[in-house]
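Breakdown of the fold
One letter stands for each residue in the lines below.
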Amino acid sequence: MESSRPGRTRVTSVSLRAETLEAIRARAGKQGVSSYIEEAVQRQLQREAIDDYITAAEAEHGPVDPAEVAALVERVRAHHAAHPGGAGSADAA
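Numbering of residues starts from 1 in each chain and follows the order in which that chain's sequence is written. For this predicted model, a pLDDT threshold of at least 70 governs which residues receive local features, and a threshold of 80 or more governs which side-chain atom pairs are given and counted, while totals over whole chains, interfaces and linings are taken from all residues. For the side-chain quantities, the full set of heavy atoms in the structure was used; hydrogens and water were omitted.

Describing the packing of helix α1 (residues 18-28) against helix α2 (residues 33-61)
The test is simple: Under this scheme, a helix contributes an axis fitted over its contacting stretch, all axes are lines through C-alpha atoms, and angles between N-to-C directions fall in the 0 to 180 degree range. Numbered from the N terminus, helices here are DSSP runs of H or I no shorter than four residues, and strands are runs of E no shorter than two. Roughly parallel covers angles under 35 degrees, roughly antiparallel covers those over 145, roughly perpendicular covers 65 to 115, and oblique covers all other angles. The criterion used for residue contact is that any of the two residues' heavy atoms lie within 4.5 Å. Residue classes follow a fixed rule: Ala, Val, Leu, Ile, Met, Phe, Trp, Tyr, Cys and Pro count as nonpolar, while Asp, Glu, Lys and Arg count as charged, and any other residue, Gly among them, counts as polar.
Closest axis-to-axis distance for the α1/α2 pair is 9 Å, and the angle between their directions is 100°. As far as their axial angle goes, α2 and α1 are roughly perpendicular. Residue-level inspection shows L21, I24, R25, R27 and A28 of α1 in contact with α2, the latter providing V33, Y36 and I37. Class assignment of the residues belonging to the contact of α1 with α2 gives a composition of 6 nonpolar, no polar and 2 charged.

Structure, rendered in structure tokens:
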């Protein structure tokens with residue numbers, strides 16, 4: 001199967017529970033299991049990088065104020081409500 005993903009790929013072996021693999025196959029469709037898993041792992045790596053960034057920022061500047069975060073989330077939601085269908089209109093918050 002030809003890959004449309006940029007970058008080099010390598011073949012590896014990964015063990016998954018049977019029910020996990022079946023769920024992946026059911027969702028992956030024509031995309032294929034390898035592409036589905038690649039995308040899922042990339043999302044997880046991004047989440048972990050963001051967590052690392054937040055940890056470093058909080059170590060330097062102190063913890064984030066949950067009230068400030070909630071206020072910013074509301075501003076983003078209000079913006080998206082006022083500008084439906086715009087670039088990045090998917091639930092960004």
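Some words on the environment of R25
With respect to the element layout, R25 can be found in helix α1. In sequence terms R25 and Y36 are 11 residues apart; their C-alpha atoms lie 8.8 Å from each other.

With respect to the pattern of salt bridges
The following threshold applies: When a carboxyl oxygen of Asp or Glu lies within 4 Å of a side-chain nitrogen of Lys or Arg, that pair is called a salt bridge. Note on classification: 1.4 Å probe, protein chains only; a residue is buried when its accessible area is under 20% of the maximum for its type, exposed when over 50%, partly exposed between these limits.
With the rule as written, the count across this model stands at 3 salt bridges. In this structure, R25 and E22 form a salt bridge, with 3.2 Å as the shortest nitrogen-oxygen distance. Of this pair, R25 and E22 both sit in helix α1, 3 residues apart, which is roughly one turn of that helix. The partly exposed category is assigned to E22, whose relative accessible area is 46%.

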